[in-house]
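# Inside the fold
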Amino acid sequence: MKALQKFFMNEHIQISLATGVCIIALALYFKKVLHIQVPLLESSFPAFVALLWEFLHKKNKLTRRPWTWPWFWGLLMLLAAGLVILRRMLLAE
């Protein structure tokens, strides 16, 4: 149990899980709700946020501010995915 907890406390694992969940949610939304092929640029917005986190994480390893926490970036990924869904919902009408 301790090893599993330590696994999920790793910042890279948290970012990877958030990215994967967002990309899968976007793919399901495009496929099951809109019935269109997944646009590559829009589905990769969560991955771009993850890349930005990686860049800033490598640069500022010693700082512990709220914008360096993986949960902040996970929420930012969810926001990016939500904005893509909202944009598509508004354009579909």
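Up top is the structure.
A few points on the structure. (Residues numbered from 1 in each chain as written. Predicted model: local features only at pLDDT ≥ 70, side-chain atom pairs only at ≥ 80, totals over all residues. Heavy atoms only, no water.)

## As for helix α4 (residues 45-59)
The end-to-end C-alpha separation of α4 is 21 Å, in line with the 21 Å expected for 15 residues at 1.5 Å each. Of the residues making up α4, those classed as buried are P46, V49, A50, W53 and H57. Taken end-on, α4 shows its buried residues confined to a sector of 100°, consistent with a single buried face. In this structure, α4 carries L51, F55, K58 and K59 as exposed residues pointing more than 90 degrees from its buried face. (Helix = DSSP H or I, 4+ residues; strand = E, 2+ residues; numbered from the N terminus. Expected span 1.5 Å × (residues − 1). Buried < 20%, exposed > 50% of the residue type's maximum accessible area, 1.4 Å probe, protein only. Arc of directions from axis to C-beta.)

## Considering the nonpolar core
Counting 14 residues, the largest nonpolar core has I15, L26, F30, V49, W73 and M77 as the members making the most contacts within it. Going through the elements one at a time, α2 (11-34), α4 and α5 (70-92) are the ones with two or more residues in this core. A per-element tally of this core places α2 first, with six residues. (Core = buried A, V, L, I, M, F, W, Y, C linked by side-chain atoms within 4.5 Å.)

## Topic: the packing of aromatic side chains
Counted under the stated rule, the structure contains four aromatic pairs. With a centroid separation of 5.8 Å and an interplanar angle of 90°, the aromatic rings of F72 and W73 are classed as edge-to-face. Assessed through its relative accessible area of 6%, W73 is described here as buried. (Phe/Tyr/Trp six-rings, centres within 6.5 Å; stacked < 30°, edge-to-face > 60°.)

## Details of the pattern of salt bridges
In total, this model carries two salt bridges according to the counting rule given. R88 serves as the salt-bridge partner of E42, at 2.9 Å between the closest nitrogen and oxygen. Of this pair, E42 sits in helix α3 (residues 40-43) while R88 sits in helix α5, placing them 46 residues apart in sequence. A residue is classified by how much of its surface remains accessible, and R88, at 22% relative accessible area, is partly exposed. One connected set of salt bridges, linked through shared partners, spans E42, R87 and R88. (Salt bridge = Lys/Arg side-chain N within 4 Å of Asp/Glu carboxyl O.)

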